[in-house]
Amino acid sequence: MKAKGALPGSDWSPFHITEGVPPERADVVIVGGGVIGWSIAYWLKKKEKSRDSIRVVVVEKDLTYSKASTVLSVGGIRQQYSMPENIHLSLFSANFLRLINEHLGVVNQPPIDIQFNPSGYLFLASDEGAAVLEENVQIQRMEGVLVSLLSPAQLRKKYPWLNTDGVALASYGLQNEGWFDPWTLLNAFRNKALSMGVYQSCGEVTSFDLDTKELLTHEGELMDFSRIKNVNVQMTDSTESTTVECAIVVNAAGAWSSSVAEMAGIGTGLPDSLLAIRLPVEPKKRYVYVWHCPDGPGLECPMLIDTTGAYFRREGVGGNYLGGLSPTEEEEPDIRDLEVDHEFFQDKVWPKLAHRVPHFESLKVRSSWAGYYDYNTFDQSPVIGLHPLVDNLFFATGFSGHGLQQSPAVGQAIAELILDGQFMTINLDTFSFKRIMRGKKAVERNII
Ligand SMILES: Cc1cc2nc3c(=O)[nH]c(=O)nc-3n(C[C@H](O)[C@H](O)[C@H](O)COP(=O)(O)OP(=O)(O)OC[C@H]3O[C@@H](n4cnc5c(N)ncnc54)[C@H](O)[C@@H]3O)c2cc1C
């Protein structure tokens, strides 16, 4: 007899879509159903050798995604980085997004439109920043990025609305840069992964059951090495909790990933000598303001990154823009809520914008929101890979302001680590957890 849903005259049948309570056993449990978690789930199924050979569960505590970074991001993708690894991650993602329907399209469902707006990032550098910008461009070109360098005179010709005071040099991306709808990408990964048989569980991972052994390290020290046996999940819509026995756990909990790491004993309670194995990822609140300015830059408006760090881009058409600025360390806002500080715009952001684009003197703020960066306080770069002391816990977190655009490539990288035992497509050893233990920073100079 044919399975329910099978096509007439064919042996093919659709995958069973699961929801709710997780199964009792799984091969991989992914904690966090943001864009990173669902990308990993998709790639694990995509790479499995035979259908249904890997059981993957994604546990997400808030299916409304009210605080998830993914849906509160500004959706940008760029190639202009200083680290070749970041360039390759984004290059891979740009190609993936171009062919998104081939990768993530689902039979009988409408085609995916991520509303991609092709537009270069325009990085402006002052006298002090010009040499670094030029070095970055050299690295980008060596890695295959099409990017141009512009003098202030060229900038004034290309963008007559721009005030070039204090600008010595600029770089502009000619390909593979722009912005898209983050929610659509998240849903596309999720939808596809579900159609491939990934289990979705709506609940909060509250603890792990660990097997811990004291072993001798290569350096001759005795240390605790652990393995997660079970993941305990508090279901969202009931008082019940459930336990999933599993082989591998992935921490893709974004700004909350340190609390998940602590459940595996990586955090509080560690002696001072082992503090370096804590996950140094914290939520940092970032504001996004949307304003209207009928005389502002037109359709040719790039994603502009000012010498001061303030940024803006066009938001649709009709004179709407969005932008913001990362606060200094002293200005870091309280993270207990996602309230927006309007004075921050008034005092810190607007003066910088109005200096760079005089038409912005008369802008009117229309709306705003805040979201959390999953911010790595050690070096602002992601943590990708296995934990050295918990041998079945993988990390994909700490992306700060560029996790959305890197999600297609990062999902594949984690799936390779799990299924092939090593990176096969892009070598991301630089972002391993071990670098934190060794105190070796992976410094990206082009952070926004
Ligand atoms: C204002 C702003 C602008 C940004 N702009 C850009 C941009 O232009 N381009 C770009 O590439 N990136 C940008 N980013 C960064 C990007 O949004 C993030 O790096 C990326 O979305 C991280 O995805 P994630 O899946 O790791 O995290 P999230 O989307 O936060 O997902 C993590 C999920 O884990 C869940 N979770 C946490 N703990 C648990 C638990 N114990 N149990 C179950 N579930 C749990 C959470 O509910 C959450 O849904 C921006 C971020 C912000 C805040």
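Note that the coordinates shown come from a computational prediction; the quantities given were computed from them, not determined experimentally.

Focus: the overall build of the chain
Helix and strand counts for the chain stand at eleven helices and 18 strands. Expected size for 448 residues packed as a compact globule is a radius of gyration near 22 Å; at 23 Å, the chain falls within 12% of this value. If one aligns the C-alpha atoms of the chain with their principal axes, the spans along those axes are about 65 × 65 × 45 Å. Relative to all contacts within the chain whose residues are 6 or more apart in sequence, the contacts with residues 24 or more apart total 75%. Looking at the chain as shown, the accessible area adds up to about 20300 Å², and 50% of this sits on carbon and sulfur atoms. Here the chain carries 40 positive and 54 negative side-chain charges, and the mean point of each set is 5 Å from the other.

Brief notes about the packing of helix α1 (residues 35-47) against helix α10 (residues 403-420)
Two elements in contact, α1 and α10, have axes separated by 8 Å at closest approach and are oriented at 45°. In terms of orientation, α1 lies oblique with respect to α10. Both α1 and α10 take part in a crossing whose hand is right-handed. The residue inventory of the contact of α1 with α10, partitioned by class, reads twelve nonpolar, five polar and three charged.

Here we look at helix α9 (residues 342-356)
Between its first and last C-alpha, α9 extends 20 Å over 15 residues, near the 21 Å set by a 1.5 Å rise per residue. When the local axis directions of α9 are compared, the greatest deviation, roughly 45°, occurs at valine 349, which is followed within four positions by the proline proline 351. Those residues of α9 that sit buried are Phe344, Phe345, Val349, Leu353, Ala354 and Arg356. Where α9 is buried, its residues contact β5 (121-125), β12 (281-292), β13 (303-305), β14 (311-314), β15 (320-324) and β16 (364-376). Its side-chain oxygen at 2.9 Å from the backbone nitrogen of glutamate 343, aspartate 341 defines the N-terminal cap of α9.

Let's talk about the packing of aromatic side chains
With the rule as written, the count across this model stands at 24 aromatic pairs. Seen in terms of ring centroids, tryptophan 43 and phenylalanine 96 are 5.9 Å apart; in terms of plane orientation they differ by 45°. Their pairing is tilted. Taken together, the residues span a long stretch of sequence, with tryptophan 43 in helix α1 and phenylalanine 96 in helix α3 (residues 84-98) at a distance of 53 residues. Take tryptophan 43: its relative accessible area is 5%, and that puts it in the buried class. Judged by relative accessible area, phenylalanine 96 falls into the buried class, the value being 2%. Ring centres of tyrosine 287 and phenylalanine 344 lie 5.7 Å apart, and the angle between their planes is 55°; on these two criteria the pair is classed as tilted. With tyrosine 287 in strand β12 and phenylalanine 344 in helix α9, this residue pair connects regions lying 57 residues apart in the sequence. Each of the two residues, tyrosine 287 as well as phenylalanine 344, counts as buried. Connected via pairs of aromatic rings, a cluster forms that spans Tyr287, Tyr289, Trp291, Phe312, Tyr321, Phe344, Phe345 and Phe360. Lysine 158 extends its terminal NZ or CZ atom over the ring of tyrosine 172, reaching a point 4.8 Å from the ring centre. Directly above the ring of phenylalanine 378 sits lysine 441, whose terminal nitrogen or CZ lies 5.5 Å from the centroid.

Things to note about the pattern of salt bridges
Within this structure, the stated rule accounts for 14 salt bridges. The closest approach of N and O atoms between aspartate 306 and arginine 356, which form a salt bridge, is 2.6 Å. Taken as a pair, aspartate 306 in the loop between β13 and β14 and arginine 356 in helix α9 lie far apart in primary sequence, 50 residues in all. Of the two residues examined, aspartate 306 and arginine 356, each falls in the buried class. A salt bridge links arginine 336 to aspartate 334; the shortest N-O distance between them is 2.5 Å. Residue class for arginine 336 comes out exposed when judged on its relative accessible area of 72%.

Details of the environment of leucine 194
Looking at the secondary structure, you find leucine 194 in helix α7 (residues 182-195). As a C-alpha pair, leucine 194 and leucine 299 span 105 residues in sequence and 38 Å in three-dimensional space.

Details of the domain arrangement of the chain
The domains assigned to the chain are domain 1 (18-118 + 175-280 + 377-448) and domain 2 (119-174 + 283-374). Listed as interface residues are 35 residues of domain 1 and, on the opposing side, 35 residues of domain 2. Around 3000 Å² of area is buried between domain 1 and domain 2 when both sides are counted, 58% of it from carbon and sulfur atoms. Among the residues domain 1 hides against domain 2, the three largest losses belong to Gln80, Trp179 and Ile448. Together they make up 25% of the total. Counting across the interface, domain 1 meets domain 2 through one salt bridge. As a salt-bridge pair, glutamate 135 and arginine 445 come within 3.2 Å of each other at their nearest N and O atoms. Taken together, domain 1 and domain 2 are joined by 17 residue pairs in polar contact (both at pLDDT 80 or more). Of all elements in the fold, only α2 (69-72), β3 (76-77), α3, β4 (117-118) and β8 (178-179) reach the threshold of two or more residues within the side of domain 1 that touches domain 2.

As for the packing of α1 against α7
Packed helix pairs are characterised by how far apart their axes lie and by the angle those axes make with each other. Between α1 and α7, the least distance of the axes is 8 Å, while the angle of their chain directions is 35°. Crossing handedness for the pair α1 and α7: left-handed. Within the contact between the two elements, α1 uses Val35, Trp38, Ser39, Ala41 and Tyr42 and α7 uses Leu185, Leu186, Phe189, Arg190, Lys192, Ala193 and Leu194.

Some words on the site of the ligand
Near the ligand there are 37 residues, and of these Glu60, Ser69, Thr70, Gly76 and Gln405 occur at the shortest range. Between aspartate 374 and the ligand, the recorded distance is 3.3 Å, taken from a side-chain N or O atom to an oxygen atom. The contact in question runs from an oxygen atom of the ligand to an N or O atom on the backbone of serine 400, over 3.4 Å. In the complex, the protein chains occlude 98% of the 1000 Å² of accessible area that the ligand would expose alone. When residues of the shell around the ligand are traced back to their parent elements, those giving at least two are α1, β2 (56-60), α2, β9 (199-216), β16 and α10. Sorting elements by how many residues they give to the shell around the ligand places β16 first, with four residues. Each residue belonging to the shell around the ligand can be placed in one class, and the counts come to 18 nonpolar, 15 polar and four charged.

Parameters at a glance
Residues numbered from 1 in each chain as written. Predicted model: local features only at pLDDT ≥ 70, side-chain atom pairs only at ≥ 80, totals over all residues. Heavy atoms only, no water. Helix = DSSP H or I, 4+ residues; strand = E, 2+ residues; numbered from the N terminus. Rg over C-alpha atoms; globule rule 2.2 N^0.38 Å. Contact = heavy atoms within 4.5 Å. Areas by Shrake-Rupley, 256 points an atom, 1.4 Å probe, with all protein chains shown as cover. Lys, Arg positive; Asp, Glu negative; His and termini not counted. Charge placed at Lys NZ, Arg CZ, Asp CG, Glu CD. Axes fitted to C-alpha atoms, helices over the stretch in contact; angles between N-to-C directions. Parallel < 35°, antiparallel > 145°, perpendicular 65-115°, else oblique. Left-handed = near helix turned anticlockwise from the far one by under 90°. Nonpolar A, V, L, I, M, F, W, Y, C, P; charged D, E, K, R; others polar. Expected span 1.5 Å × (residues − 1). Bend = angle between axes of the 7 residues up to and from the residue. Buried < 20%, exposed > 50% of the residue type's maximum accessible area, 1.4 Å probe, protein only. Polar contact = N/O pair within 3.5 Å; in protein donor to acceptor, adjacent residues only side chain to side chain. Phe/Tyr/Trp six-rings, centres within 6.5 Å; stacked < 30°, edge-to-face > 60°. Lys NZ or Arg CZ within 6 Å of the ring centre and 35° of its normal. Salt bridge = Lys/Arg side-chain N within 4 Å of Asp/Glu carboxyl O. Domains from an automatic or database assignment. Buried area = accessible area lost by both parts, 1.4 Å probe. Near = heavy atom within 4 Å.

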